[in-house]
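The lines below spell out each chain.
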Number of protein chains: 2
Amino acid sequence: MLPAAFLTRLGAIVGDGKLLTDEASCYAYGYDNSRKVFPPDAVVFATSSEEVQQVVRLCDEFAVPLTPRGRGTGTTGASIPEQGGVALSLERMRRILAVDPANRVLVCEPGVLNQEVQDAARPHGFFWPPDPSSAAYCSVGGNLATCAGGPHAVKYGVTRDHVLGLKAVTGKGDIIKTGCYTTKGVVGYDLTRLLIGSEGTLAIITEATLKLTPLPAAVGGLTAHYRDIASCARAIAAIMAQPALPSALEFLDQASLDLIRARHPGLLPQETRALLMIEVDGAPGEIASSAQAIRAACSNDGLIRAEIVSDLKALWAARKALSPLLRDIAPKKINEDIVVPVSRLPELLQGLGELSARYRVANANFGHAGNGNIHVNLLVNPDDAEELQRAEACLDEIFTLVLRLDGTLSGEHGVGREKRAFVAREIDPVTLQLMRDIKQVFDPQNILNPGKMFADPQ
Amino acid sequence: MLPAAFLTRLGAIVGDGKLLTDEASCYAYGYDNSRKVFPPDAVVFATSSEEVQQVVRLCDEFAVPLTPRGRGTGTTGASIPEQGGVALSLERMRRILAVDPANRVLVCEPGVLNQEVQDAARPHGFFWPPDPSSAAYCSVGGNLATCAGGPHAVKYGVTRDHVLGLKAVTGKGDIIKTGCYTTKGVVGYDLTRLLIGSEGTLAIITEATLKLTPLPAAVGGLTAHYRDIASCARAIAAIMAQPALPSALEFLDQASLDLIRARHPGLLPQETRALLMIEVDGAPGEIASSAQAIRAACSNDGLIRAEIVSDLKALWAARKALSPLLRDIAPKKINEDIVVPVSRLPELLQGLGELSARYRVANANFGHAGNGNIHVNLLVNPDDAEELQRAEACLDEIFTLVLRLDGTLSGEHGVGREKRAFVAREIDPVTLQLMRDIKQVFDPQNILNPGKMFADPQ
């Protein structure tokens, strides 16, 4: 429980109606899309960098854990106030401070939604490339904190590639400014990228200078249907080894396709056992030649057919239908976000199939194949303790396989609390200690999102 | 002077012929393109991460300054062993460890030349985008340490955008591994970008996993000649505000053009007072339409003519002739590397003209206009103390102007020793202290390139 003196001062910082301590509100700010719940003792809404600073300083004074939070759409529990204390919601910091097409820049507060950035940029012919599937309702602050990706990362990169500078409040309560307003800048250390993806453990981002990208003049697409997963995996590697870069290259395995077929009969042919959805963008004259080059690259003896798609909405329909379906079927599915070099995808997908069979755990795999980023979904029944145990053992072996293939345990979802136990399998002890030391510099009392990203040292 | 015991052990680490202490060798490793000279007390050549580690640990034990060094082509003195001690040359770590076109990756040691990376990538249809003008003879390690840019950064970004992971030795002598082998990865803090641009003050990079980019299928170009600098500056902003992104957008002012005309009569028409050299790349069918869009954007009442250039070598001839010419004319020129948002270029260029007149200091400006990155060259006579004083005062006002226009003091050259006195004008004291604290974590004894990047605290 938080001391009364603390709560009085907290309320005074943010003003009327911006401090909530009732049970229902605390519950509402205690979960994210990891489906775990750890209610905070209080929820506050800050509306300026200075308010955030005062909240941090107060928490520092009372040694109260402080978990910053956007819209709670993350899947790893990074925004859950696991140790109680204060949940600091940034959802009311939602001003777009500048739209500056001449410099290809948009400046905004962290509570602005990704979609609102797109809506503000589009009339000027620009977009902001990070496009997580939650784009319509996730916040820029959350995108920054997790270094969000999405299907278009294969061509456009991830969040860290599209930010020029930040304003943030460290765990000491210092307001810092990182980066600059220009597309080049090398004065001082790159704190911008250090904060991006740090999941609110180093500082709370209160303003971001985003780099905009011109909207492509034209977009096209194709689908490629495969007889088996092995030939599909080879096709992915072949596409990425030639120069015509797709703007999205999404993959669905047989289990994913079966789920879609069960709900949407007729959407997908029965014989397709692996599917690629490929988007190309660029100048109008470029689309046809890029699509042809990719069609040639993805042709192998397992290809049933590759077809140019004129209706892009149709191209994405199957992919978009999938995630909610998975949630319906297995609400407590174990959702992973592994990455391997694209040339190792054949080995990965074969290995995933073998592990699924050996541990008798249903598994649906799909995702951003062009980056080698596969969303693995172990479709477990949470009431079956024995199955859960098999799933955990299977997951453990999946991670071993990924690391053996030169991969990484997370491409875009992050670590949060869900993956922290595995971080030491990927990062060596010396480098990990250096990261902890950096955390100590930003947040000496360990009040900012404590316990996230790293497991407690042994 | 270094203790004999230290030198004996240093020699034992690197082996025969890899430790030099004679005056001539020390002199040769005591300067860079800043034209300042501070010879080290010893020069060593390491050939592996483990040797680098042992050298660092020895220097740590004896509290000897250690300055890592690539090919010494930097312009800010960042690789100069200003406080003596050991110059650690990485020029013999020149193995390309992997060329992996299927994953668009090249792994190499820091002593590999930028051009050697390009030569290894090109047969596979790829290139590595950083292209400083020293590309033929600068090292990848130096490119990483300075976050090098170049003319193509306007489309392709800078070094930090093209690196997946690093191996490095901290000032404590720890070998760390950052990043991953895949194009997505969010496990742990982004130490990769933190090291890039840190000028060897945090760690010594001993291996880099570089991200390759497909070579464009076609390249085209145009030149645009202007009656005056104001209309040229407006044209730059107009080009960057429309979606057809040039792959290079270089600018030369009248003083630069006059220098070229004096040496190469007939290369440039007499009436041109500002020139843009514009490159476009992409699919073959895209070049003509991009060039047309840019030609339309750059047309204003100050345009004399814009012409499509078929011979790209000719396009770059004038630009490439310039830097050596400037050195010939003013070997001690004060070379700066400022950046402003492109929309502020008209104000910057007008201000530079006014300051040049007020302080009676000849000034030639050229550079990467698409990034707002202008190389300012104050053409001073080093034997004229009074002129030097005027130049220093002028430079001070130039920096004030740049910061007033939301710019940064360096776009790609870095800070080193040449600009450290000005860093505190750009970065606030709190953020600067945080950077110093991070330095302390990596290098607690301050042995790595001491004194660089930051001026001594007051």
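Residues numbered from 1 in each chain as written. Chains lettered and ligands numbered in written order. Predicted model: local features only at pLDDT ≥ 70, side-chain atom pairs only at ≥ 80, totals over all residues. Heavy atoms only, no water.

## Observations regarding the domain arrangement of chain A
All names here are of chain A. According to the domain assignment, chain A contains domain 1 (96–214), domain 2 (216–328) and domain 3 (330–411). Taking the mean C-alpha position of each, domain 1 and domain 2 sit 29 Å from one another. Facing seven residues of domain 1, the contacting portion of domain 2 comprises 11 residues. At the boundary of domain 1 with domain 2, total buried surface from both sides reaches about 710 Å², with 56% on carbon and sulfur atoms. (Domains from an automatic or database assignment. Contact = heavy atoms within 4.5 Å. Buried area = accessible area lost by both parts, 1.4 Å probe.)

## Remarks on the sheet that holds strand S12 (residues 218–226) of chain A
All names here are of chain A. Pairing in this open sheet of seven strands is antiparallel, and the strands run S15-S12-S14-S13-S17-S18-S16 from one edge to the other. Edge positions in the sheet fall to strand S15 (303–309) and strand S16 (334–339), since each has one partner strand and no second. Sheet twist, expressed as the mean angle between neighbouring strand axes with direction ignored, is 15°. One ladder, built from six bridges, connects S12 with S15; its direction is antiparallel. (Pairing = 2+ DSSP bridges. Helix = DSSP H or I, 4+ residues; strand = E, 2+ residues; numbered from the N terminus. Axes fitted to C-alpha atoms, helices over the stretch in contact; angles between N-to-C directions.)

## Considering the interface of chain A and chain B
Each side of the interface is counted separately: chain A has 78 residues, and chain B has 79 residues. With both chains or domains summed, chain A and chain B bury close to 6,300 Å², and 63% of this area falls on carbon and sulfur atoms. Linking chain A to chain B there are six salt bridges. Between aspartate 190 of chain B and arginine 160 of chain A there is a salt bridge, with its nearest N and O atoms 3.2 Å apart. Our enumeration of links across chain A and chain B arrives at 24 residue pairs in polar contact (both at pLDDT 80 or more). Elements represented by at least two residues in the side of chain A that touches chain B include exactly strand S9 (175–179), helix H7 (191–195), helix H8 (229–241), helix H14 (423–426) and helix H15 (429–442) of chain A. The element that contributes the greatest number of residues to the side of chain A that touches chain B is H15 of chain A, accounting for nine residues. A class-by-class count of the residues in the side of chain A that touches chain B yields 39 nonpolar, 23 polar and 16 charged. (Salt bridge = Lys/Arg side-chain N within 4 Å of Asp/Glu carboxyl O. Polar contact = N/O pair within 3.5 Å; in protein donor to acceptor, adjacent residues only side chain to side chain. Nonpolar A, V, L, I, M, F, W, Y, C, P; charged D, E, K, R; others polar.)

## A few points about the environment of leucine 245 of chain B
The residue leucine 245 of chain B is located in the loop between helix H8 (229–241) and strand S13 (248–252) in this model. Expressed as a C-alpha distance, the spacing of leucine 245 of chain B and valine 219 of chain B, which sit 26 residues apart in the sequence, is 13 Å. Excluding residues that lie within four positions of it along the chain, leucine 245 of chain B makes contacts with Arg104 of chain A together with Val154, Lys155 and Met240 of chain B.

## Details of the packing of H8 of chain B against helix H12 (residues 345–359) of chain B
All names here are of chain B. Viewed as axis vectors pointing N to C, H8 and H12 meet at an angle of 155°, and their least axial separation amounts to 8 Å. As far as their axial angle goes, H12 and H8 are roughly antiparallel. Between H8 and H12 lies a crossing of right-handed hand. On the side of H8, the interface is formed by Ile229, Ala233, Arg234 and Ile236, while H12 contributes Leu345, Pro346 and Leu349. The residue makeup of the contact of H8 with H12, split by class, is six nonpolar, no polar and one charged. (Parallel < 35°, antiparallel > 145°, perpendicular 65-115°, else oblique. Left-handed = near helix turned anticlockwise from the far one by under 90°.)

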